[in-house]
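The residues making up each chain are set out below.
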Amino acid sequence: MLDLYNTLTRRRERVGGDDEKKRPGSLALARPITIYACGITPYDEPHLGHGTTAIRCAVLRRFLVSEGYRVRFVQNITDIDDKIVNRAKMLEEEPLALARRFSRMYHEEVACLGVPAPDAEPRVSEHIGTIISYIQRLLVNGNGYVASSGDVYFDIGSASSYGALSGHAAGELVAGTRERVRAEKRHALDFALWKRVDEPSESFDSPWGRGRPGWHTECCAMSNALLGETIDIHCGGLDLLFPHHENELVQAECHNHAPFVRHWFHLGLVLLDGIKMSKSEGNVVSIADARHRWGVPLLVYGLLTFHYRSPVNIRDELFEERINHLLDLYWFCDKVESLVEEQNESEDSPANVWGHAAHLRERFTRAMRSDLNTPQALVSIEQSVREGLSLLRDFTKNREEIRALTSELKRVGELLGLFPDGYVYERVYQEVVDFIKKRREEMEEEFFEVSLSELKRLLDERDIARAEGRYGHADEIRAQLAKAGIRVEDGTVRRWRMAMGRGL
């Protein structure tokens, strides 16, 4: 069971039901939960807004699957568009070639974030026939018209429900519309279904002359072809709510005479130091730059500390504050794995989830079922890691409890994307060190880099010095580690914490 907030109804509603779950003993496949996400317009390097949407959608997909549902996820690529055409002219490149190049870059970047590929990824250029047929039906239904310029428009006067998603009546939305735009349209808010364009490399043949589809129509036609008339969940950023999603909704329901979307899943805006990321503001962070600065697991951890409907404020302090939570998780799992190997135990996961592991599963599942509450889900992981660190004080006595908890931590961590392929404790530690090094250099502060093996050696050397009463040498090691942003914590299982070198 999953309750998601529905932007259309302004309340939380249940996703899925008995029809979407396979009945025990049945050979028939259950109906999948269908999800559609507005994809990229590939005219530039993919940015962190794209990455955040990809991460959020991946979490939604993985959790639904873990709840026993089949999922079919479709995400489009708008590979012909005014922005693509303009950028291609500037770079003296063919529009479709430019779109393919940036699409490949996007695929590579989100794969690095641990995001699985969609089940289908339709491109506008490959579905022109489908889109034209979709527009023709709207014209037959009396919901569109061909203007004197050859452009084809949707007539919002033919739809009484316009404004239902954004919560604004059509009359309210007219204010501020330019008179020049109104001249050709029946209504100022009428939007393009097909735009006349004569340049061959930028257009396609149609019954209304050469041109290309209107942005709002592409998604409707392709989702209709691949997922049917009614989608279970439609994903997208809050900035797409109006006019994009509003225009999708009204034309799809006029086209199909059926509900278009059961749940509208809108994501909060991505901010950079409190300001909305925008190319016009020049404050856009690419996925590649974000990966290289913070590392993937820390980046994902930081993003998920915000609820999906809340604005995500990207700043270095956000990730600094999560470093030790992430290191605790990786350190604990790595330590348990090494202890299991030392004692030549089977690597198979315990058959039963009980005790601390059962409590983690209960807390985590409750949080995720409640409007995909990832901040609370992370709190449940952090609490369980603390419990696990306490249990490690006597591994022999708590062996089965620890192993069960570790297995569950990995399971729920994978659902959130905290364990991307190729990531182990040593790699996460090094990415954290690299981030701290950048920060200290930017602040023009001294930094002493310590590898993981060197850290262990210094901590062991300090323990010996303290045991032998050589407290001066022990203090020297403490001071040396402080320059690396490491605070020694005597009496704890892990023995140290990252502290960015301040207040040590």
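Just so you know, these numbers come straight off a predicted model, no measurement behind them.

**Notes on the overall build of the chain**
In step 1: The helix and strand inventory of the chain stands at 18 helices and 15 strands.
In step 2: C-alpha extents for the chain along the principal axes are approximately 95 × 60 × 40 Å.
In step 3: For the chain, buried positions account for 54% of its 504 residues.
In step 4: Taking all contacts inside the chain whose residues are at least 6 apart in sequence as the whole, residues at least 24 apart take part in 73%.
In step 5: Total accessible area on the chain is roughly 22200 Å²; 48% of this is exposed by carbon and sulfur atoms.
In step 6: Of the side chains in the chain, 67 bear a positive and 79 a negative charge, and the two mean positions are spaced by 3 Å.

**Points about the nonpolar core**
In step 1: Counting 98 residues, the largest nonpolar core has Leu60, Leu64, Ile233, Leu372, Ile381 and Met498 as its most contacted members.
In step 2: Top contributing element to this core by residue count: helix H12 (residues 323-342), with 11 residues.
In step 3: In contact with Leu64, not counting residues within four places along its chain, are Leu2, Val15, Ile33, Ile35, Tyr69, Val71 and Ile233.
In step 4: Membership of the second largest hydrophobic core comes to 40 residues, among which are Phe154, Phe204, Met222 and Val250.

**Re helix H3 (residues 95-112)**
In step 1: Its 18 residues place the ends of H3 26 Å apart at the C-alpha level, agreeing with the 26 Å of an ideal helix rising 1.5 Å per residue.
In step 2: By the burial criterion, the buried members of H3 are Pro95, Leu98, Ala99, Phe102, Ser103, Tyr106, Glu109 and Val110. Along the long axis of H3, the arc covered by the buried residues comes to 130°, so they all point the same way.
In step 3: Buried residues belonging to H3 abut helix H1 (48-66), strand S4 (71-75), helix H2 (82-91) and helix H9 (287-294).

**What about the pattern of salt bridges?**
In step 1: One pass over the structure, following the stated rule, counts 43 salt bridges.
In step 2: When the shortest N-O distance is used, the salt bridge between Glu445 and Arg440 registers 3.1 Å.
In step 3: Each of the salt bridges in this network shares a partner with another, and the network as a whole consists of Arg293, Arg315, Asp316, Glu317, Glu320, Arg439 and Glu442.

**Let's talk about the packing of aromatic side chains**
In step 1: Counting across every chain of the model gives 8 aromatic pairs.
In step 2: Above the ring of Tyr423, the side-chain terminus of Arg427 is found at 3.8 Å from the ring centroid.
In step 3: Looking at Arg494, its charged tip hangs above the ring of Trp496, at a distance of 4.2 Å from the centre.

**Structural notes on the pairing of strand S1 (residues 2-6)**
In step 1: Of the two faces of S1, the one holding Leu2, Leu4 and Asn6 is buried and the one holding Asp3 and Tyr5 is not buried anywhere.
In step 2: Here S1 pairs with strand S2 (residues 11-15) via 5 bridges, running antiparallel. Looking at S2, one finds that Leu2 is bridged to Val15.
In step 3: The turn linking S1 back onto S2 is made up of 4 residues, and Arg10 within it adopts a positive phi angle of 60°.

**A look at the sheet that holds strand S10 (residues 261-267)**
Backbone hydrogen bonds are what pair the strands of a sheet, in a parallel or an antiparallel way.
In step 1: In spatial order, the strands read S4-S3-S9-S10; together these 4 strands make up an open sheet with parallel pairing. The outermost strands of the open sheet, each flanked by one partner alone, are S4 and S10. Here the average twist between neighbouring strands, direction ignored, is 20°.
In step 2: Where strand S3 (residues 33-37) meets strand S9 (residues 231-237), 3 bridges bridge the pair, whose relative direction is parallel. Across the sheet, residue Ile35 finds its bridge partner in S9, namely Ile233.
In step 3: Contacting S9 and S10, helix H8 (residues 241-256) crosses the sheet at an angle of about 160° to S9.

**A word on the environment of Glu382**
In step 1: If you trace the backbone, Glu382 turns up in helix H14 (residues 374-391).
In step 2: For Glu382, a relative accessible area of 16% translates into the label buried.
In step 3: On a C-alpha basis, the gap between Glu382 and Leu360 in space is 9.8 Å, while along the polypeptide they are 22 residues apart.
In step 4: Those residues in contact with Glu382 that sit more than four places away from it in its chain are Tyr301 and His325.

**Some words on the confidence of the model for the chain**
In step 1: Model confidence for the chain is summarised by a mean pLDDT of 91, while 92% of its residues fall at 70 or above.
In step 2: The low-confidence segment residues 175-180 (pLDDT under 50) makes 2 contacts with residues lying over four places distant or belonging to another chain.

**Observations regarding the packing of H2 against H3**
In step 1: For the pair H2 and H3, interaxial distance at closest approach is 9 Å and the crossing angle is 100°. Comparing their axes, H3 and H2 come out roughly perpendicular. Between H2 and H3, the contacting residues are Ile84, Val85, Arg87, Ala88 and Leu91 on the first element and Pro95, Leu98, Ala99, Arg101 and Phe102 on the second.
In step 2: Residues belonging to the contact of H2 with H3 are distributed by class as follows: 8 nonpolar, no polar and 2 charged.

**Quick notes on H8**
Residue pairs three or four apart in sequence face the same way in an α-helix, which turns once every 3.6 residues.
In step 1: Most of H8 is tucked away, with 13 of its 16 residues classed as buried.
In step 2: At the C-terminal side of H8, His257 shows a positive phi close to 55°.

**Description of the environment of Ala188**
In step 1: Counting through the fold element by element, Ala188 comes out in the loop between helix H6 (179-182) and strand S7 (191-196).
In step 2: Distance from Ala188 to Asp434, taken between C-alpha atoms, is 53 Å for residues 246 residues apart in sequence.

**Structural notes on the sheet that holds S7**
In step 1: Pairing in this open sheet of 4 strands is antiparallel, and the strands run S5-S6-S7-S8 from one edge to the other. Both edges of this open sheet fall to strand S5 (144-146) and strand S8 (211-213), since each of them pairs with a single strand only. Neighbour-to-neighbour, the strand axes of the sheet open up by a mean angle of 20°, direction not taken into account.

**Concerning the side chain of Asn247**
In step 1: With respect to the element layout, Asn247 can be found in helix H8.
In step 2: The residues touching Asn247, leaving out its near neighbours within four places in the chain, are Tyr162, Phe191 and His216.

**Focus on the environment of Glu281**
In step 1: Along the chain, the position of Glu281 falls in the loop between strand S12 (275-276) and H9.
In step 2: Look at Glu281 and you get exposed, because its relative accessible area is 55%.
In step 3: For the pair formed by Glu281 and His292, sequence separation is 11 residues and the distance between their alpha carbons is 22 Å.

Cut-off values and rules
- Residues numbered from 1 in each chain as written.
- Predicted model: local features only at pLDDT ≥ 70, side-chain atom pairs only at ≥ 80, totals over all residues.
- Heavy atoms only, no water.
- Helix = DSSP H or I, 4+ residues; strand = E, 2+ residues; numbered from the N terminus.
- Buried < 20%, exposed > 50% of the residue type's maximum accessible area, 1.4 Å probe, protein only.
- Contact = heavy atoms within 4.5 Å.
- Areas by Shrake-Rupley, 256 points an atom, 1.4 Å probe, with all protein chains shown as cover.
- Lys, Arg positive; Asp, Glu negative; His and termini not counted.
- Charge placed at Lys NZ, Arg CZ, Asp CG, Glu CD.
- Core = buried A, V, L, I, M, F, W, Y, C linked by side-chain atoms within 4.5 Å.
- Expected span 1.5 Å × (residues − 1).
- Arc of directions from axis to C-beta.
- Salt bridge = Lys/Arg side-chain N within 4 Å of Asp/Glu carboxyl O.
- Phe/Tyr/Trp six-rings, centres within 6.5 Å; stacked < 30°, edge-to-face > 60°.
- Lys NZ or Arg CZ within 6 Å of the ring centre and 35° of its normal.
- Pairing = 2+ DSSP bridges.
- Axes fitted to C-alpha atoms, helices over the stretch in contact; angles between N-to-C directions.
- pLDDT = per-residue confidence, 0-100.
- Parallel < 35°, antiparallel > 145°, perpendicular 65-115°, else oblique.
- Nonpolar A, V, L, I, M, F, W, Y, C, P; charged D, E, K, R; others polar.

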